[in-house]
Amino acid sequence: MKNNNSWIRLFFYLMIIMAISCSDGKVNKLSEDSPNYSRNFAFEDEQTRAKVDSLMAKMTLDDKIVQLCGIRPSELLDENRKFSIEKCREKIPNGIGHVSQFASSMGLMPEDLRDFVNGVRQFVLTETPSHIPVIFHEECITGFTTLAATTFPQHIGTACSWNPALIEEKAALTAQTMRGAGSAQALSPMLDVCKTPYFERMEEGFGEDGYLTSRLGLAFINGLQREGFSRGVAATAKHYAGYAGIFEEKEFFEETLMPFEVVLRLGGVKSVMPGYHKYKDINCVGSKELLTDILRGSLGFDGVIVSDYNAIDALGEGKDAAVQSMNAGADIELPMPDRFLFLKEALAEGLVTPKRLDESVRRALTLKVRLGLFDENPQISTNGKLDFDPPAHREMAYKLATQSVVLLKNNGILPLEKEIKKIALVGPNAGAVQSLLGDYTYQSMSAFFFNTPIDLENPHLVTLLEGLKNRLPEDVQLEYERGCVWNKLSEIQINAVGGDPILKKAKAKEIKGLPVPDEKRAIRIASESDLVIVAVGENVFLSGEGRNRNTIRLPEEQEVFVRKMLDTGKPVILIIFGGRPLYITDFERDCAAIIHAWYPGEEGGNAVSDILTGKVNPSGKLCMTYPKDESHSPHSYNYGYNETDNNPLYPFGYGLSYTAYSYDGLTVKDNAKINDQWIDISFSVKNTGEKEGTEIVQLYIAPENLSVKGKRMQLKGFTRVELNPGESKQVNFRLSPQQLAYYFEKNWVIESGKYKILVGASSSDIRLEKEITLSGNKLILPRRDVFFSEILNK
């Protein structure tokens, strides 16, 4: 009877899937350019399986265990920091699985870095018993994290571009650079949905919304893996799951897990990293429910689970930690073999089975085979001179930066008019390269962890001061004065608990090589100028992993300085650099204009200057709510902040332009069926101003009478629309009923009822709306297969 019930349940699910996939007899087939097109593949095909079987048949237990471990590159250097084959013979006689962060900690020029990689590769291929190649992995959210490589804008900034195509292209360029140096795996991207600016690492993510994070995260991964595993770079989705905050189960499955579900099912991700945090009071890397039941079971993941750096240590001492993490489902310990070296003892005592160990070894080897490391001519490094910052990459950095910048306020002072003849540029971020560099850039990592001075020319870093000198007309006088420091050293708090232990070595320190600020001179030149540009915000010591602040205000020194600039009576343009929205309510209304530039990368100064002067019309829109107060409560549009006292200063999806747009003609049928393939939605957008521009239109859905309470409204589509003055374009979305599904009792439910279709310029600026009725019997699905609206612009 039990078997019969299983067959009945399977038949029922198949019928549901057929119903969702078909409408009027037409099968729902997706084109390769559809955001819902699956690029997933079986991790282990027949050819790969045969190769891995052959390798494992010859491996000793020691050979197997080292394939599940990493090593830091410094372990393989001599006292002069040169590659040492003697150190290889001492430290990795049986080989090694990974070389951890092989570039960011080395400070080597491109050719020297490649030669280090080739030295290690040659050793393991010729002198170790199993001759198994090594994976060299690295970070890459702002480009390849190494000396002389292009530094792109930080992820939170690129998320404000709402431009998946550009993010994918940037990641593809990054993959080319990484492969050229010998790297085939990235420990990126971060897919945490961040609903509070107090989360110290929010700059690494794509903002507060699961849909936007999923769409942009998938684009990033498609770029890294565009050339396939044997020529591209394998992405690692992190920090699985809920690192930025875990809420109740329904939201966890609907939104927190959504980016991971999307990149596994549509992006073919084969590496996942659990976070440092706890899931149901158990560290993620030791949670069988999270790693095996949900990730491998519910989400169907068949790839490798790698630990975050030293995360397994948090489970306990030696053998106990190794046993818990291995039996929970973890495969590889990074960055060093601190706990997995006890696996041999655990196996002897029967605490871990040989079968379980072999599962992890098989996955580790399968990834190496799929990456082409065993190919006769592996595409793993490039001979000759290497250029990690070619013109095409700098151009991409510039383009992304211009689209990342968000214009928050403008009383008409921008773009700068010809009548302006004297400008005072002041503030700690006006002439400092630190304003450009977010966490996990090479420059910030080397400065923060190793106290290495920032190399201003590898690559060349364009500050706002240099950008304005490049862009302003010759008859405009620009006076610069730093004016104030970022903060007191006492405000910097570094917390290594629950993070990379290398943070224990990091210390708050004064940034050297900057001019001594002269506040009196700043006040004087401001008073004598037509307007004042005040550049404030954060730096590598004020935001990022382990940098804890108990406030989201500007540091006191900067707040006081901004007020003194306002007291001059001259128009103030406030430019904020940093990794999160900041509390600026106290002086926001007194500023003539406000721009948030995030950490805009190597071309940031040129990009911001072109927006100030009007060469570029700003198009960025917030991927995060900009809070009006300092509340620690989650800030998110879909929590209903418009219905509480906690209204935002600027809402999710908000951003100004130098032109204006009107919306008209929303067309959608009054009634739709649950098993319809698509619901067509169309409307027009017109540029009613005098400048060409790009409007980011947003589609939201608001359920009205569901039996299970859900979010008040949710983003379900967006697109960028480029318009000349006076031009109008029609926008066509196709919404799938599967996008209306909610999580309930381990299934996905599509419920009949009334839904509002909302079209707007932000989550609070809804221009068009219409109610539709979804009819039909409630559908219960084991999983979702359509996550995104289709965009069919004419």
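Procedures and definitions
- Residues numbered from 1 in each chain as written.
- Predicted model: local features only at pLDDT ≥ 70, side-chain atom pairs only at ≥ 80, totals over all residues.
- Heavy atoms only, no water.
- Helix = DSSP H or I, 4+ residues; strand = E, 2+ residues; numbered from the N terminus.
- Rg over C-alpha atoms; globule rule 2.2 N^0.38 Å.
- Buried < 20%, exposed > 50% of the residue type's maximum accessible area, 1.4 Å probe, protein only.
- Contact = heavy atoms within 4.5 Å.
- Areas by Shrake-Rupley, 256 points an atom, 1.4 Å probe, with all protein chains shown as cover.
- Phe/Tyr/Trp six-rings, centres within 6.5 Å; stacked < 30°, edge-to-face > 60°.
- Lys NZ or Arg CZ within 6 Å of the ring centre and 35° of its normal.
- Axes fitted to C-alpha atoms, helices over the stretch in contact; angles between N-to-C directions.
- Left-handed = near helix turned anticlockwise from the far one by under 90°.
- Nonpolar A, V, L, I, M, F, W, Y, C, P; charged D, E, K, R; others polar.
- Core = buried A, V, L, I, M, F, W, Y, C linked by side-chain atoms within 4.5 Å.
- Salt bridge = Lys/Arg side-chain N within 4 Å of Asp/Glu carboxyl O.
- Pairing = 2+ DSSP bridges.
- pLDDT = per-residue confidence, 0-100.
- Disulfide = S-S within 2.5 Å.

Participant: Tell me about the overall build of the chain, and please be specific about residues and values.
Facilitator: Secondary structure assignment for the chain yields 21 helices and 31 strands. Computed over its C-alpha atoms, the radius of gyration of the chain comes to 27 Å, within 12% of the 28 Å expected for a compact globule of 794 residues. If you line up the chain on its principal axes, its C-alpha atoms span 80 × 70 × 45 Å. Looking at the chain as a whole, 63% of its 794 residues qualify as buried. In the chain, of all internal contacts separated by at least 6 residues, the share reaching a separation of at least 24 is 80%. When the accessible surface of the chain is totalled, it reaches about 29400 Å², and 48% of it is carbon and sulfur.

Participant: Describe the environment of Glu 376, listing the residues and the values that go with them.
Facilitator: Within the fold, Glu 376 resides in the loop between helix 14 (354-370) and helix 15 (391-404). Judged by relative accessible area, Glu 376 falls into the exposed class, the value being 76%. Taking the C-alpha atoms as reference points, Glu 376 and Leu 315, separated by 61 residues in sequence, lie 41 Å from one another.

Participant: Give me the packing of aromatic side chains: which residues, what numbers.
Facilitator: For the structure on display, the rule yields 26 aromatic pairs. Between Phe 787 and Phe 788, the ring centres sit 6.4 Å apart and the planes meet at 50 degrees, which makes this aromatic pair tilted. In this structure an aromatic cluster arises from ring pairing among Trp 162, Tyr 211, Tyr 637, Phe 652, Tyr 700, Phe 718, Phe 787 and Phe 788. Positioned above the aromatic ring of Phe 788, the side-chain terminus of Arg 215 is 5.6 Å from the ring centre. Lying across the ring of Trp 748, Arg 784 places its NZ or CZ 3.8 Å from the centre.

Participant: Give a detailed account of the packing of helix 8 (residues 210-224) against helix 10 (residues 258-265), specifying residues and quantitative values.
Facilitator: The contact between helix 8 and helix 10 brings their axes to 8 Å, and the two run at 35 degrees. Where helix 8 crosses over helix 10, the handedness of that crossing is right-handed. Packed against helix 8, whose contacting residues are Gly 210, Tyr 211, Thr 213, Ser 214, Gly 217, Leu 218 and Ile 221, the element helix 10 presents Met 258, Pro 259, Val 262 and Val 263 at the interface. When the residues that make up the contact of helix 8 with helix 10 are grouped by side-chain class, the tally is 7 nonpolar, 4 polar and no charged.

Participant: So what's going on with the nonpolar core? Residues and values would help.
Facilitator: Residues Tyr 240, Val 534 and Phe 683 are the most contacted members of the largest nonpolar core, which totals 195 residues. A total of 8 residues in this core trace back to one element, the largest contributor, which is helix 8. Among the nonpolar cores identified, the runner-up in size contains 32 residues, and Leu 407, Leu 416, Ile 533 and Ala 592 belong to it.

Participant: Explain the pattern of salt bridges to me, using residue names and the numbers behind them.
Facilitator: Within this structure, the stated rule accounts for 57 salt bridges. Between Asp 313 and Arg 339 there is a salt bridge whose closest N-O contact spans 3.7 Å. You can see Asp 313 sitting in the loop between strand 11 (304-305) and helix 12 (318-328) and its partner Arg 339 sitting in the loop between helix 12 and helix 13 (343-348), a full 26 residues away along the chain. A relative accessible area of 22% means that Asp 313 is categorised as partly exposed. Between Glu 519 and Lys 564 there is a salt bridge, with the nearest N and O atoms lying 2.7 Å from each other. Taken together, the positions of Glu 519 in helix 18 (residues 519-527) and Lys 564 in helix 19 (residues 556-566) put the pair 45 residues apart, joining distant regions of the chain. Relative accessible area serves as the criterion here: at 29%, Glu 519 is assigned to the partly exposed category.

Participant: Go over the sheet that holds strand 4 (residues 98-99) with me, naming the residues and quoting the values.
Facilitator: Reading across the sheet, the 4 strands line up as 3-4-5-6 and stay open at both edges, with parallel pairing between neighbours. Every interior strand has two partners, whereas the edge strands, strand 3 (70-71) and strand 6 (185-186), have only one. Pairing between strand 4 and strand 5 (residues 135-138): 2 bridges, direction parallel. Note on strand 5: the bridge partner recorded for Val 99 is Phe 136.

Participant: Kindly report on the confidence of the model for the chain, identifying the contributing residues and their values.
Facilitator: Interpretation of the predicted coordinates at a detailed level should be avoided for regions scoring low in pLDDT. Mean pLDDT over the chain stands at 93; residues scoring 70 or higher make up 94%. Overall, residues 1-28 carries pLDDT values under 50, and its contacts beyond four positions in sequence, including any with other chains, amount to 23 contacts.

Participant: Mind laying out the sheet that holds strand 26 (residues 742-744), listing which residues take part and the relevant values?
Facilitator: If you walk across this open sheet you meet the 3 strands as 26-27-30, and the pairing is antiparallel. Sheet topology places strand 26 and strand 30 (779-781) at the edges, where each strand pairs with a single neighbour. Neighbour-to-neighbour, the strand axes of this sheet turn through a mean angle of 40 degrees, independent of strand direction. Here strand 27 (residues 747-750) runs beside strand 30; their pairing, made up of 3 bridges, is antiparallel. Note on strand 30: the bridge partner recorded for Ile 750 is Leu 779. Relative to strand 26, helix 9 (residues 249-256) is tilted by about 140 degrees, and along the sheet it contacts strand 26 and strand 27.

Participant: Describe helix 16 (residues 442-450), listing the residues and the values that go with them.
Facilitator: Burial analysis of helix 16 places 8 of its 9 residues in the buried class, the great majority of the element. Buried positions along helix 16 lie against strand 15 (493-494) and strand 17 (547-548). Backbone geometry just downstream of helix 16 places Asn 451 in the positive-phi region, at approximately 55 degrees.

Participant: Can you lay out the packing of helix 7 (residues 164-181) against helix 8 for me, pointing to particular residues and giving the numbers?
Facilitator: The geometry of helix 7 relative to helix 8 is characterised by a closest axis approach of 7 Å and an angle of 35 degrees between their N-to-C directions. The handedness of the crossing between helix 7 and helix 8 is right-handed. On helix 8, the residues that touch Pro 164, Ile 167, Glu 168, Lys 170, Ala 171, Ala 172 and Ala 175 of helix 7 are Arg 215, Leu 216, Ala 219, Phe 220, Asn 222, Gly 223 and Leu 224.

Participant: With reference to specific residues and values, describe the environment of Phe 577.
Facilitator: Take Phe 577: it is sitting in strand 18 (residues 572-577). When the C-alpha atoms of Phe 577 and Pro 600 are compared, they prove to be 8.0 Å apart, with 23 residues separating the residues in sequence. Contacts of Phe 577, omitting those with residues within four sequence positions, involve Asn 429, Ser 435, Leu 464, Ala 535, Val 536, Gly 537, Glu 538, Ala 597, Trp 598 and Pro 600.

Participant: Quick rundown of the environment of Pro 354? Include the residues and the values.
Facilitator: Here Pro 354 is to be found in helix 14. Residue Pro 354 is classed as exposed on the basis of its relative accessible area of 56%. Remark: the alpha-carbon pair of Pro 354 and Leu 61, spanning 293 residues in sequence, is separated by 9.5 Å.

Participant: Break down the state of the cysteines for me, with residues and values.
Facilitator: Counted under the stated rule, the structure contains 0 disulfides. Between Cys 69, a free cysteine, and Cys 88, which holds the nearest cysteine sulfur, the sulfur-to-sulfur gap is 16 Å. No disulfide involves Cys 160; its nearest neighbouring cysteine sulfur is the one of Cys 623, lying 3.8 Å away.

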